[in-house]
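The residues making up each chain are set out below.
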Amino acid sequence: MASLIKHSIKPSFKGHQEYKNDESETFSSISMDARQVSRIEITRVPERVVRDDTNGTCTSTCWWAFSRLTTLYVPDAYFEWRSDWDRERRQAWREKVSICFVMMLFSIAFIGVGGLLPLFVCAENDVFHTTEDGITVEFNNENMMCQLLSILMYSIMMIISLVLVVQCVCSLRYVVRRKPEILPEDETSRVIVMVPCYNEGTNELQKTIDSILYTTYPSQNKVLLVVADGIVTGAREPKTTPQFIADVLGYKTDEEIGTYDCVSIGDYAHNRAKLYCGVYVKHEKRLKYIVIVKCGLPIESRNPKPGNRGKRDSQLLMIGMLNRFHHQRERTDLDLAVIDALETTHSMPLATVKYLMAIDADTKVDRDSISNMIYRMKKDNNILALCGETRVDNKNESWVTWIQVFEYYTNHHMKKAFESVFGCVTCLPGCFTMYRLFKDDNTRLLSCDDVYNRYATNNIQSLHEKNLFHLGEDRMLTTLLLKSFPGMKLSFVPEAICYTIVPNSLSVLLSQRRRWINSTFHNLLELLCINNMPTVCCISMKALIALDLVATLILPASLVYIFVNIYVALVLGTALSTTTLIVLGISIGVQVLPCVLRSDFTYFGWFIIYIILGVPVFYFVLPLYSFSKMDDFSWGATRQVDDTVAVMVVNGHDASPTDRHVANQKIRHTISSTDSDDEPPRQSLPATSPCLNEDEMNTVLASAFDEAGV
């Protein structure tokens, strides 16, 4: 059994009482009184300016006009039957259709002009011929168009092959690199390990927290910071996530404990949070911890997820605190409590914390992962942030998990290793990333105003921005770091390894990859706007990003082209050209080579499964599904919760789960219907000005239950 030394923090800073644990280490118990905390005037985060379509920039105006032109056949009257669609929702649908139209044009050009036409119409006019002396080029002036098409197609194939070969060569840099010998002096820096939680259960939380506990990094130099995103109950779970956290760490939740005011994003400008801290002890290993539970405003008491603001808001609790601390600005109640807990309870002043590590609540980190990450940070002071390799933990659950094993492997050892050579990994995953907080000359990095103000924006209107901030917050934070610090590196460290739970059903995989693919597409557009992308050996990273963007658009078409070639070769008996066979050989060989050089021979089996089952899913099903759902900004099946946990009482009786769900839907519809198409979208509301007051809320509830027959 794990022993525990813990205490919970209540909002006051009156005095401290010393006590000792079995190991004779002294900790502070903070006595607090909520009534004695003075109100702190919070410095508001300036909003990022988003221009209206009618008087915006030339680019936004042209895009708005293009989306209207491509959907000209759909008049505004068509949306009248969708009463829940406001002006933004309708415009998002038009923009989605426009992007799908662009995707269709690229696919037709790739398959038709670059594939079918040279394959069938120009089959007799191939420019390249195989002879005893090798591949020769012959021109026939009778059909110059076919010859040009043939040259174009082969040029595209050669460019793709060259990129794959360069990616493979770059990955070899990490294969030959020796595993570092980490000395005690390399583990003196202090780090906070932040774990945002939402609907995870006790098994996931236990696995994640224990993996952090058992890391080789010294316990006196690391602190676990858990942020529970609201009082949320996962689907088919008996308790809320904050209760599971308390069970794992061993502290008792106190309903009477006071709460702290904090800045929030979303419909409310503020939130309330509880704070617990202590030391988790298990098998003679110790882990200092701080737990923040976002519990919501009083108006949210009837909400099934009080305090829930999203993962980006959980990240901003920490980044905002760092911003206000590093720039000596007024701090929120929660800031003061966290800073006091770090300094008084854990003897780790925030000013001495140089690194912030972020992992997901369903991720298990390897024993030496933190040590390897900090070692690389110390060896290169120009590294702003880095990520390690993420592997599949539940690889044998179903065929859906099978196909993801090799995809995760090649994504890291090919794509991220390649981007790391340029010093700009385009996606630092939130499940396993470490950030440098400041440089040796005290230059603020993650907490700088530019990054924080842009990442904390609450003025998100367009389809593009919603995909960036609502669905791809990790990628967007990476993009902001690239924009703000062009001279620093975003790197990849394969020695640091973690294991994560991947979707085990097709429906959950569709939901997850819809968010990933759509946010990736929009982030690539953002990256194209960065003018100072690096260049290595005459290879421009910006050109590679443009190529990646085009590849995202033609993924389904490329699979169709491959199947057409297979049909022509096997059914029609037409031999494929030598160049086509060479390109296919390179495509397969460069993906298998890292496995051979690393002696990871088990991945050969996963590679075969990936080719047979995974390629149709990842290249055809997922892109088409994602683009067709680009105006869906929900987290879908990957974030299922119990929506019936809020207790609603009507006429002295508890409502049934079905009736509570109907009432919740009614509340959401009533709140959203207050926005007129002629009015700008609603911005953050202060805590003293909720959407509905108590009387209005009760009226809506009574009406909803009447309709439900209660």
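Please read all numbers here as calculations on a predicted model, not as lab measurements.

Chemist: Can you break down the overall build of the protein residue by residue, with the values?
Modeler: Scanning the protein from N- to C-terminus turns up 19 helices and 19 strands. Looking at the 710 residues of the protein, the share that counts as buried comes to 52%. The contacts in the protein between residues at least 6 apart in sequence include a share of 76% that link residues at least 24 apart. With an accessible surface of roughly 31800 Å², the protein has 56% of that area assigned to carbon and sulfur atoms.

Chemist: Tell me about the packing of helix α9 (residues 399-422) against helix α17 (residues 603-628), and name the residues and values.
Modeler: Any two packed helices are characterised by how steeply their axes cross, that is the angle between the axes, and by the distance between the axes. The interhelical angle for the contact between α9 and α17, taken along N-to-C directions, is 105°, at an axis separation of 8 Å. The angle between the axes of α9 and α17 places the two elements in the roughly perpendicular class. Here Trp399, Trp402, Ile403, Gln404, Val405, Phe406, Glu407 and Tyr409 of α9 come into contact with α17, specifically with Tyr603, Trp606, Phe607, Ile609, Tyr610, Leu613, Gly614, Val617 and Phe618. Split by residue class, the contact of α9 with α17 holds 14 nonpolar, 2 polar and 1 charged.

Chemist: Lay out the pairing of strand β6 (residues 190-197) in plain terms, naming residues and giving numbers.
Modeler: Regular strands have side chains that alternate between both faces of the sheet. Across the 8 residues that make up β6, a large majority, 7, are buried. The pairing of β6 with strand β11 (residues 353-359) spans 5 bridges and is classified as parallel. Bridging from a neighbouring strand, methionine 194 pairs with alanine 358 of β11. Here β6 runs beside strand β7 (residues 222-228); their pairing, made up of 7 bridges, is parallel.

Chemist: Give a detailed account of unusual backbone geometry, specifying residues and quantitative values.
Modeler: In this structure, histidine 283 takes a positive phi of about 50° despite not being glycine. At asparagine 442, a position not held by glycine, the phi torsion is positive, near 70°. Note that asparagine 442 resides in the loop between β14 (432-436) and α10 (449-455). When its relative accessible area of 47% is taken as the criterion, asparagine 442 is described as partly exposed.

Chemist: For a nonpolar patch on the surface, give the residues involved together with the corresponding values.
Modeler: A grouping of Trp399, Trp402, Leu506, Ile608, Ile611, Ile612 and Leu613 is seen on the molecular surface, where their side chains present a nonpolar patch of about 610 Å² in accessible area. Among the secondary structure elements, those contributing two or more residues to the nonpolar patch are α9 and α17. Considering each element in turn, the nonpolar patch owes the most residues, 4 residues, to α17. Of note, isoleucine 608 is situated in helix α17. Exposure remark for isoleucine 608: the relative accessible area of 49% places this residue in the partly exposed category.

Chemist: Hey, could you go over helix α5 (residues 241-249) for me, with residue numbers and the actual values?
Modeler: For an α-helix, 3.6 residues make a turn, and residues three or four places apart therefore share a direction. Burial within α5 is extensive, with 7 of its 9 residues counted as buried. Of the residues making up α5, those classed as buried are Thr241, Pro242, Phe244, Ile245, Ala246, Val248 and Leu249. Glycine 250 occupies a position one or two residues after α5 and carries a positive phi of about 95°.

Chemist: I'd love a proper account of the pairing of strand β13 (residues 383-392), names of residues and values included.
Modeler: With 9 of 10 residues buried, β13 lies mostly within the body of the structure. Across 9 bridges, the pairing between β13 and strand β15 (residues 489-500) is parallel. When the bridges of β15 are listed, threonine 390 appears paired with cysteine 498. One ladder, built from 3 bridges, connects β13 with β14; its direction is antiparallel. From the neighbouring strand, leucine 386 faces β14, where its bridge partner is methionine 434.

Chemist: Now, about the nonpolar core: what can you tell me, with residues and values included?
Modeler: Within the largest apolar cluster, 115 residues are counted, with the highest numbers of intra-cluster contacts made by Ile290, Leu334 and Leu350. Excluding residues within four positions of it along the chain, isoleucine 290 makes contact with Val223, Leu224, Leu225, Val226, Leu275, Tyr276, Cys277, Val338, Ala341, Leu342 and His346.

Chemist: Explain the pattern of salt bridges residue by residue, including any values.
Modeler: Scanning all chains against the criterion turns up 24 salt bridges. A salt bridge links aspartate 247 to lysine 239, with the nearest nitrogen and oxygen atoms 2.8 Å apart. Glutamate 389 serves as the salt-bridge partner of arginine 391, at 3.1 Å between the closest nitrogen and oxygen. Relative accessible area serves as the criterion here: at 2%, glutamate 389 is assigned to the buried category. Salt bridges sharing partners connect three or more residues here, namely Arg89, Lys96 and Asp631.

Chemist: Quick rundown of the confidence of the model for the protein? Include the residues and the values.
Modeler: Interpretation of the predicted coordinates at a detailed level should be avoided for regions scoring low in pLDDT. Of all residues in the protein, 75% attain a pLDDT of 70 or more, and the chain-wide mean is 77. When the criterion is pLDDT under 50, residues 1-57 qualifies, and its contacts beyond four places in sequence or with other chains add up to 140 contacts. Every residue in residues 124-129 is under pLDDT 50, and counting partners more than four places away or in other chains gives 22 contacts.

Chemist: Just give me the short version of the packing of aromatic side chains, but keep the residues and values in it.
Modeler: Two numbers describe a pair of aromatic rings. These are the distance of the centres and the angle of the planes. A full pass over the atoms with the stated rule returns 12 aromatic pairs. Both rings, one in phenylalanine 110 and one in tyrosine 561, keep their centres 5.7 Å apart while their planes meet at 65°; by these two values the pair is edge-to-face. Here tyrosine 561 lies in helix α15 (residues 555-570) and phenylalanine 110 lies in helix α2 (residues 87-121), a separation of 451 residues in the sequence. In terms of burial, phenylalanine 110 and tyrosine 561 fall into one category: buried.

Chemist: Quick one: what's the story with the side chain of aspartate 368, residue by residue and with numbers?
Modeler: Inspection of the secondary structure puts aspartate 368 in the loop between β12 (363-365) and α8 (369-379). Aspartate 368 sits in the buried class, given a relative accessible area of 18%. Each residue touching aspartate 368, except ones within four places of it in the same chain, is listed here: Lys179, Thr216 and Glu495.

Chemist: I'd love a proper account of empty space enclosed by the protein, names of residues and values included.
Modeler: Tallied over the entire structure, the rule returns 5 cavities of 30 Å³ or more. Here the second largest cavity defines a volume of roughly 80 Å³. What lines the second largest cavity is simply Leu225, Val227, Cys262, Ile292, Leu317, Met318, Met321, Arg324, Thr332, Leu334, Asp335 and Val338. At the level of secondary structure, the elements contributing two or more residues to the lining of the second largest cavity comprise β7, α6 (311-326) and α7 (333-345). At 4 residues, α6 tops the list of elements feeding residues into the lining of the second largest cavity. Here the residues of the lining of the second largest cavity sort into 9 nonpolar, 1 polar and 2 charged.

Thresholds applied
All residue numbers refer to position in the chain's written sequence, counted from 1. Two thresholds apply to this predicted model, a pLDDT of at least 70 for residue-level local features and 80 or more for giving and counting side-chain atom pairs, whereas whole-chain, interface and lining totals are computed over all residues. Excluded from the side-chain calculation are hydrogens and water; included are all heavy atoms of the structure. Note on conventions: DSSP H or I runs of at least 4 residues are helices, E runs of at least 2 residues are strands, and numbering of each starts at the N terminus. Throughout this description, buried means an accessible area under 20% of the type-specific maximum (1.4 Å probe, protein chains only), exposed means over 50%, and partly exposed covers the range between. Any two residues having at least one pair of non-hydrogen atoms within 4.5 Å are treated as being in contact. Accessible areas in this description were obtained via Shrake-Rupley with a 1.4 Å probe; residue shielding takes into account the shown protein chains only. The angle between two axes is taken between their N-to-C directions and runs from 0 to 180 degrees, where each axis is a line fitted to C-alpha atoms and a helix contributes only its stretch in contact. Orientation is classified from the angle alone, with under 35 degrees giving roughly parallel, over 145 giving roughly antiparallel, 65 to 115 giving roughly perpendicular, and any other angle giving oblique. All residues other than Ala, Val, Leu, Ile, Met, Phe, Trp, Tyr, Cys, Pro, Asp, Glu, Lys and Arg, Gly among them, are scored as polar; the first ten of these are nonpolar and the last four charged. The rule for pairing is simple: two strands pair if DSSP sees at least two bridges between them. What makes a patch is a set of residues exposed beyond 30% relative accessible area and free of salt bridges, joined within 9 Å when like-charged and within 5 Å when nonpolar (Val, Leu, Ile, Met, Phe, Trp, Tyr). Any carboxyl oxygen of Asp or Glu within 4 Å of a side-chain nitrogen of Lys or Arg constitutes a salt bridge here. Nonpolar cores were defined as sets of buried Ala, Val, Leu, Ile, Met, Phe, Trp, Tyr and Cys residues, with membership established by side-chain atoms within 4.5 Å. Residue-level confidence of the predictor is summarised by pLDDT, bounded by 0 at the bottom and 100 at the top. A pair of Phe, Tyr and Trp rings is counted when the ring centres sit within 6.5 Å of each other, with Trp represented by its six-membered ring. The angle between the planes then sorts it: under 30 degrees is stacked, over 60 is edge-to-face, the rest tilted. Buriedness of a pocket was judged along seven lines, with at least five required to meet protein on both sides within 12 Å; pockets are open sets of points on a 1 Å grid over the protein atoms alone, cavities are sets where a 1.4 Å probe fits but cannot get out, and lining residues have an atom within 4 Å of a point. Grid points are joined across faces, edges and corners, and a volume is the space filled by probe spheres set on the points.

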